[in-house]
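Each chain is listed here by its residues.
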Amino acid sequence: MVTWKQVSEEVPTLADAVQARFTAHKHHVLATLRKDGSPRVSGTEVEILDGRLVLGSMFGALKAKDLVRDGRYALHSNPGEHTMEGGDAKIAGIAREVTGDEFEAVLESYTYEVPKPLHLFVLDIDEVVHTTVDGEHMYVDLWKPGKEITRFTK
C-alpha cells in the first residue's frame, strides 16, 4: 500500500490524469463491503490533502461503518456526462480511519469548514487504473506499487 504522494512521485503522468478525473467533479462512487461480505456502493467526496487521499463521512454512516470493520474499498471517479473526455479513473486499496492528533492534522488540511461529527479516512492505495478512449481503441493503464504501468489496448 502507498499514499497518494507516493503515486504522484512514482507515476506522475498517471497520477495527474487520475487526479484530474477526481477534481473534475465533486461526487464519486465508493464500493465497500457490508458485514455479510456483499458489496455496497455509496456516493462520496474525496480530497487530496498533503499527499494523502482523504475521505470524510457523516458520523455513523453505513459506508463509514463498513470501512471501520473492513477497510477494503474501490473508488470510481464520476465520468461526467456522455463523454470519456479525460478518461475514467479507479483507485482501490485499504481505508484507514484517522483519530487523535492525526485526525486533527487532516482536518486542518481542509480548505473549507467540514461538518462535525465525522469519520475521516486516509485511503491507502494498492491499485490505480486510468481508462481512455481514442478513436476506435480503448486504453486501460494499470499501476500497482513497485511496478511499471501496464497498458491494455482493446
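An unreviewed UniProt entry lists the protein chain under the name Pyridoxamine 5'-phosphate oxidase family protein, with Rhodococcus baikonurensis as the source organism.

S.K.: Mind laying out the overall build of the protein chain, listing which residues take part and the relevant values?
M.R.: Scanning the protein chain from N- to C-terminus turns up 4 helices and 9 strands. Listing every helix and strand of the protein chain by position from the N terminus yields α-α-β-β-β-β-α-β-β-α-β-β-β. Against the globule reference of 15 Å for 154 residues, the protein chain gives a C-alpha radius of gyration of 16 Å, in line with a compact fold. Here the C-alpha coordinates of the protein chain stretch approximately 50 × 35 × 30 Å along the principal axes. Taking all contacts inside the protein chain whose residues are at least 6 apart in sequence as the whole, residues at least 24 apart take part in 59%. With the model as given, the accessible surface of the protein chain reaches about 8,700 Å², and the carbon-plus-sulfur share is 53%. Computing the positive centroid from 18 side-chain charges and the negative centroid from 25, the protein chain places the two 7 Å apart.

S.K.: Could you give an account of the nonpolar core, naming the residues involved and the relevant values?
M.R.: Judged by nonpolar contacts, the single largest core of 25 residues is most densely connected at Val-7, Tyr-73, Leu-123 and Ile-125. Counting residues per element, the ones that place at least two in this core are helix 1 (4-10), helix 2 (12-24), strand 4 (52-58), helix 3 (62-69), strand 5 (72-76), strand 6 (88-97) and strand 7 (118-134). Beyond its immediate sequence surroundings of up to four residues, Val-7 is in contact with Val-2, Pro-12, Ala-15, Ile-125, Val-128 and Trp-143. Counting residues in each nonpolar core, the second largest holds 11 residues, with Leu-49, Val-114, Leu-118 and Val-122 among its members.

S.K.: Break down the pairing of strand 9 (residues 150-153) for me, with residues and values.
M.R.: Alignment of strand 8 (residues 137-143) against strand 9, held across 4 bridges, turns out to be antiparallel. By the bridge assignment, Tyr-139 is partnered in strand 9 with Thr-153.

S.K.: Just give me the short version of the pattern of salt bridges, but keep the residues and values in it.
M.R.: Summed over the entire model, instances satisfying the criterion amount to 10 salt bridges. A salt bridge links Asp-70 to Arg-72, with the nearest nitrogen and oxygen atoms 2.7 Å apart. Close ionic contact of Arg-151 with Asp-141 constitutes a salt bridge, the shortest N to O distance being 2.7 Å. One end of the pair, Arg-151, is in strand 9; the other, Asp-141, is in strand 8, and 10 residues separate them in sequence. Overlapping salt bridges bring together Arg-40, Asp-66 and Arg-69 as one network.

S.K.: Provide a residue-level description of helix 4 (residues 100-109), including the pertinent values.
M.R.: Every buried residue of helix 4 is listed here: Phe-103, Val-106, Leu-107 and Ser-109. Projected down its long axis, helix 4 carries its buried residues within an arc of 155°, all on one side. Residues Asp-101 and Glu-108 are exposed on helix 4 and point more than 90 degrees away from its buried face. For helix 4, the secondary structure elements touched by its buried residues are strand 3 (46-49), strand 4 and strand 7.

S.K.: Got a sec to walk through the layout of surface pockets? Specific residues and values, please.
M.R.: When its volume is computed, the largest pocket comes out at roughly 290 Å³. Along its surface, the largest pocket is lined by 15 residues, and Glu-45, Gly-56, Ser-57, Val-114 and Pro-115 are the ones closest to its centre. Per-element accounting of the lining of the largest pocket gives the leading share, 3 residues, to strand 4. A per-class count over the lining of the largest pocket returns 8 nonpolar, 4 polar and 3 charged. A volume near 180 Å³ is recorded for the second largest pocket.

Cut-offs used in this document
Residues numbered from 1 in each chain as written. Predicted model: local features only at pLDDT ≥ 70, side-chain atom pairs only at ≥ 80, totals over all residues. Heavy atoms only, no water. Helix = DSSP H or I, 4+ residues; strand = E, 2+ residues; numbered from the N terminus. Rg over C-alpha atoms; globule rule 2.2 N^0.38 Å. Contact = heavy atoms within 4.5 Å. Areas by Shrake-Rupley, 256 points an atom, 1.4 Å probe, with all protein chains shown as cover. Lys, Arg positive; Asp, Glu negative; His and termini not counted. Charge placed at Lys NZ, Arg CZ, Asp CG, Glu CD. Core = buried A, V, L, I, M, F, W, Y, C linked by side-chain atoms within 4.5 Å. Buried < 20%, exposed > 50% of the residue type's maximum accessible area, 1.4 Å probe, protein only. Pairing = 2+ DSSP bridges. Salt bridge = Lys/Arg side-chain N within 4 Å of Asp/Glu carboxyl O. Arc of directions from axis to C-beta. 1 Å grid on protein atoms, 1.4 Å probe; cavity = no way out; pocket = protein on both sides within 12 Å on 5 of 7 lines; lining within 4 Å. Points joined across faces, edges and corners; volume = space filled by probe spheres on them. Nonpolar A, V, L, I, M, F, W, Y, C, P; charged D, E, K, R; others polar.

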